[in-house]
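The chain contents come next:
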Amino acid sequence: MLMLLPRHFLLPLAALAFLFANPHSSGKDAPITLSGRILGRILEKEVRFFSLTKRDGPQSPPELTRKAQEIVAEYEAFLSDNPRDVNALILYGKFLRKVGQEQHAVQYFLEADSINPKLAVVKQQLANYLVEEGRPVDAFPYLIMTIELAPDQPDYHFHLGNFLFLFEDRLVKEKIMSKDSVRSFMHKSFGHSAKLSPKNFDYQLRYAQSFFDTPSSSKEDALRAWDELVRKFPDRSGAEKDYFKLCKARILLELERKSDALGLLESVSSKSLESAKQSLIHRLDRKTEAEKKEKAEDDPKKQSRLEVDHRFFIPNDPHLQRLRDLTNRLQEEKMLSELKADAIRARFDERGEIKIDLSQKANSPGGGRGSLR
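One structure accompanies this document, and this report is about it. (Residues numbered from 1 in each chain as written. Predicted model: local features only at pLDDT ≥ 70, side-chain atom pairs only at ≥ 80, totals over all residues. Heavy atoms only, no water.)

1. Looking at helix H10 (residues 179-196)
The condition that has to hold: The way it works is that DSSP assigns letters per residue, a run of H or I at least four long becomes a helix, a run of E at least two long becomes a strand, and they are numbered from the N terminus. Multiplying one less than the number of residues by 1.5 Å gives the expected span of a helix. Exposed residues in this analysis have more than 50% of their type's maximum accessible area, buried residues have under 20%, and partly exposed residues fall in between, with area computed by a 1.4 Å probe over protein chains only. Should any heavy atoms of two residues lie within 4.5 Å, those residues are counted as being in contact.
Taking 1.5 Å per residue, 18 residues should reach 26 Å; H10 reaches 26 Å between its end C-alpha atoms and fits that length. Regarding H10, the residues found buried are Val182, Met186, His187, Ser189, Phe190, Gly191, Ser193 and Ala194. Among the structural elements, helix H8 (154-166), helix H9 (168-173) and helix H11 (201-213) are those in contact with the buried residues of H10.

Here it is, written out as structure tokens:
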């Protein structure tokens, strides 16, 4: 979600526009051009537009509509004069997505992709659209291209890891990858994101959790990952720290370090985790010779019926709740969900005629700038 920045903090307008279209660029060498300044002014207006509801409270629909019309008109006027400006196409596409116009937004991303097919941010936007349309298998190659085009960007690896976690069954069913390959790839993706962004709690947490999602992974490496998480983030909440202890205890049990596991379990005091704690204690107490024999006969990758899935250990914390969300969809908050296609039908403002009519495009069979095959 865009935030209103203090004016003294704003970069030169051209650099600001470049940064929003290319979020992984430093912006240090962004050229200051006339077109860039114009685009920067449009972007400033967009930033203010999306900050309205937080800064001044809910706005009236007519006022929101008028401001949206102005932004649409200015983007269209700019693109009329600069039809191959990739930054403008990306920024306009992102704006359309934020106001619920995904079908139209994708046309501008496709246009940008046809001009420059080596932009990871465009591949990510196209993948997001395909996932939202219920086409995760089609989205998969676009996500692969993001890490090929920008291998040093941790968020693309993180997005890919979440995608593989959520859509494992679809990829296996379509024979894109085997189950073991999907899980291994997912684990490596989270590992890359954690390595590239060592101070990001979400990335470090999800990497540690991914050991549980990958039965063939090293238990010793898993324990080191949880130890690192505890070391790097000592100021987390009490419930989160207890969650870390439960996860470490589970690994220690698998390593036959029962005394160490029991010590951790006994130190867990969060009520929300009591059930998970008792489940692991029960497993520890019942680890008899008969159970060892039963375990030997079972599939080593099959989860014990006495073992609570690590995903259910997650306390009610906003950071940890992100586990099952497909990042950046995966979906940016729609601050104007009530803004329908008809709300952007206005045809005139101080600049003259608006060249886009979203309602007409939505109803036309061939409207738009491209199509996904």
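2. A closer look at the packing of aromatic side chains
Counted only if it meets this: Two aromatic rings from Phe, Tyr or Trp, using only the six-membered ring of Trp, form a pair when their centres are within 6.5 Å; if the ring planes differ by under 30 degrees the pair is stacked, by over 60 it is edge-to-face, and anything between is tilted. A ring is considered to have a charge above it if a Lys NZ or an Arg CZ atom is located within 6 Å of its centre and within 35 degrees of its normal.
Enumeration according to the criterion identifies 17 aromatic pairs in this entry. Relative to Phe95, the ring of Phe49 lies with its centre 6.1 Å away and its plane at 55°, an arrangement referred to as tilted. Of this pair, Phe49 sits in helix H2 (residues 34-55) while Phe95 is found in helix H4 (residues 86-98), placing the two residues 46 residues apart along the sequence. Look at Phe49 and you get buried, because its relative accessible area is 4%. Its relative accessible area of 0% is what places Phe95 among the buried residues. Judged by centre distance (5.1 Å) and plane angle (45°), the rings of Phe163 and Phe167 are tilted. Exposure class is identical for Phe163 and Phe167. Each is buried. Among the aromatic residues, those joined into a ring-pair cluster are Phe49, Phe50, Tyr75, Tyr92, Phe95 and Tyr108. One residue, Arg206, lies across the ring of Phe165, its end atom 4.8 Å from the ring centre.

3. Focus on unusual backbone geometry
For Lys175, which is not glycine, the phi dihedral falls at a positive 60°. Inspection of the secondary structure puts Lys175 in the loop between H9 and H10. A positive phi angle is found at Glu256, which is not glycine, with a value near 65°. Note on placement: Glu256 falls in the loop between helix H13 (238-254) and helix H14 (258-266).

4. Some words on the packing of helix H6 (residues 120-132) against helix H7 (residues 136-149)
Applied cut-off: For helices, the fitted axis covers only the stretch in contact; all axes are lines through C-alpha atoms, and the angles between them, taken along N-to-C directions, range from 0 to 180 degrees. The scheme is simple: roughly parallel for angles under 35 degrees, roughly antiparallel for over 145, roughly perpendicular for 65 to 115, oblique for anything else. Left-handed is the label given to a crossing in which the near helix is rotated counterclockwise from the far helix by less than a right angle, and right-handed is the label when the rotation is clockwise. As a working rule, the residues Ala, Val, Leu, Ile, Met, Phe, Trp, Tyr, Cys and Pro are called nonpolar, Asp, Glu, Lys and Arg charged, and the rest polar, with Gly in that last group.
Look at H6 against H7: their axes get within 8 Å of each other, and the N-to-C directions meet at 160°. Here H7 runs roughly antiparallel to H6, going by the angle between their axes. Relative to H7, the crossing made by H6 is left-handed. Taking contact as the criterion, the partners of Ala120, Lys123, Gln124, Leu126, Ala127, Leu130 and Val131 in H6 are, on H7, Pro136, Asp138, Ala139, Tyr142, Leu143, Met145, Thr146 and Leu149. Residue classes in the contact of H6 with H7 are distributed as 11 nonpolar, two polar and two charged.

5. Let's talk about the pattern of salt bridges
Rules: Note on definitions: salt bridges are taken to be side-chain nitrogens of Lys or Arg within 4 Å of carboxyl oxygens of Asp or Glu.
In the structure shown here, the tally under the stated rule is 16 salt bridges. Residue Arg135 pairs with Asp138 through a salt bridge whose shortest N-O separation is 2.9 Å. A salt bridge links Arg250 to Glu254, with the shortest nitrogen-to-oxygen separation between them at 3.8 Å. Taken as a pair, Arg250 and Glu254 lie in helix H13 at a separation of four residues, close to a single helical turn.

6. Observations concerning the environment of Pro215
Mapping Pro215 onto the fold places it in the loop between H11 and helix H12 (219-232). With relative accessibility at 30%, the residue Pro215 sits in the partly exposed group. For the pair formed by Pro215 and Arg183, sequence separation is 32 residues and the distance between their alpha carbons is 8.7 Å.

7. Details of the nonpolar core
The condition that has to hold: To form a nonpolar core, buried Ala, Val, Leu, Ile, Met, Phe, Trp, Tyr and Cys residues must be joined to one another through side-chain atoms within 4.5 Å.
Formed by 58 residues in total, the largest nonpolar core has its most connected members in Phe49, Tyr75, Phe95 and Phe163. Put simply, the parts of the chain that give this core at least two residues each are H2, helix H3 (61-81), H4, helix H5 (102-115), H6, H7, H8 and H10. Look past the residues within four positions of Phe95 in its chain and what remains in contact with it is Glu46, Phe49, Phe50, Ala68, Ile71, Val72 and Tyr75. If you look at the next biggest cluster of nonpolar residues, it comprises 28 residues, including Leu223, Phe244, Ile251 and Leu284.

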